[in-house]
Amino acid sequence: MASYSIGQAAQLLGVSSETVRRWADGGKLAMVRDGAGRRLIDGVALARFARERGAGLHAVPEDDVATSVRNSFVGIVTGVRVDDVAAQVEVQSGPHRLVSLVTREAVEELALAVGVTVTARVKSTSVHVDLP
């Protein structure tokens, strides 16, 4: 299961390490200590916190990935629903909730689970926005 240091969580949430420490000390964000006494934030708890805040994850995608896609959103997986063939993966990236439909095989191969940090890449030839 994914876990994050205070600094990693702060970077993903776009706040200072001290803010994450205050949230953890105030009981707003679940935190445990590892065998060496370091504070760790459970990935599932961080995903829940990011979803509840409707914020988070301001990290920049890695530049070493060769891709033609320019719309990239670093986020944390907040939900995975899998059936026999397909799967729905929810990602919270800043104030944006992204939902992707992928194969069950893709979820298994990528080990996608709540609390894992991912980069969602969007490429489309057209985007439609309608008002009622």
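The text that follows walks through the structure, step by step, so that each part is easy to find. What you are looking at is a predicted structure, and each value in this text was computed from that prediction instead of being measured.

1. Looking at the sheet that holds strand β4 (residues 71–82)
Now for step 1: Reading across the sheet, the four strands line up as β6-β5-β4-β7 and stay open at both edges, with antiparallel pairing between neighbours. Edge strands, defined here as strands with exactly one partner in the open sheet, are β6 (96–103) and β7 (117–122). Each strand axis lies, on average, 45° off the axis of its neighbour in the sheet, ignoring direction.
Now for step 2: Where strand β5 (residues 86–93) meets β6, eight bridges bridge the pair, whose relative direction is antiparallel. Paired with Ser93 across the two strands is His96, which belongs to β6.
Now for step 3: Of the strands in this sheet, β4 and β5 are in contact with helix α3 (residues 43–53), which crosses β4 at around 110°.

2. So, the side chain of Glu90
Now for step 1: By the secondary structure assignment, Glu90 is in strand β5.
Now for step 2: Within the structure, the side chain of Glu90 is placed 3.3 Å from the side chain of Arg97, a separation counted as a polar contact.
Now for step 3: Setting aside its immediate chain neighbours within four residues, Glu90 contacts Arg51, Ile76, Val77, Thr78, Gly79, Arg97, Leu98 and Val99.

3. Observations regarding helix α1 (residues 6–13)
Now for step 1: Among the residues of α1, Ile6, Ala9, Ala10, Leu12 and Leu13 are the ones counted as buried. When α1 is viewed along its axis, its buried side chains cluster within an angular range of 165° and face the same direction.
Now for step 2: On its buried side, α1 packs onto β1 (3–5), α2 (17–25), β3 (39–42), α3, β4 and β7.

4. Notes on the packing of α1 against α3
Now for step 1: Between α1 and α3, whose axes approach to 12 Å, the crossing angle comes to 25°. When the axis of α1 is compared with that of α3, the two are roughly parallel. Here the hand of the crossing between α1 and α3 comes out right-handed. Here Ala9, Leu12 and Leu13 of α1 lie close against α3, whose contacting residues are Leu46, Phe49, Ala50 and Arg53.

Basis of the calculations
Along every chain, residues carry numbers that run from 1 in the direction the sequence is written. For a predicted model such as this one, the threshold for reporting local features is a pLDDT of at least 70, and the threshold for listing and counting side-chain atom pairs is 80 or more; totals across whole chains, interfaces and linings nevertheless cover every residue. The basis for every side-chain value is the complete set of heavy atoms in the structure, and neither hydrogens nor water enter the calculation. Note on pairing: two strands pair once DSSP finds at least 2 bridges between them. Each helix is a run of DSSP H or I of at least 4 residues and each strand a run of E of at least 2, with the numbering of both proceeding from the N terminus. Axis definition: a line fit to C-alpha positions, over the contact stretch in the case of helices; interaxial angles, taken between N-to-C directions, run 0 to 180 degrees. In this analysis, two residues are considered to be in contact whenever any of their non-hydrogen atoms come within 4.5 Å of each other. Each polar contact in these results corresponds to two N or O atoms within 3.5 Å; when the atoms are within protein, one needs to be able to donate a hydrogen and the other to accept it, and residues that are neighboring in sequence are counted only if both atoms are side-chain atoms. Any residue under 20% of the maximum accessible area for its type is buried, any over 50% is exposed, and the rest in between are partly exposed; the area is computed with a 1.4 Å probe on protein chains only. The reported arc concerns the directions from the helix axis to the C-beta atoms and nothing else. Oblique is the label for every angle not falling under 35 degrees (roughly parallel), over 145 degrees (roughly antiparallel), or within 65 to 115 degrees (roughly perpendicular). Crossings are classed by handedness, with left-handed meaning an anticlockwise turn of the near helix from the far one by less than a right angle and right-handed meaning a clockwise turn.

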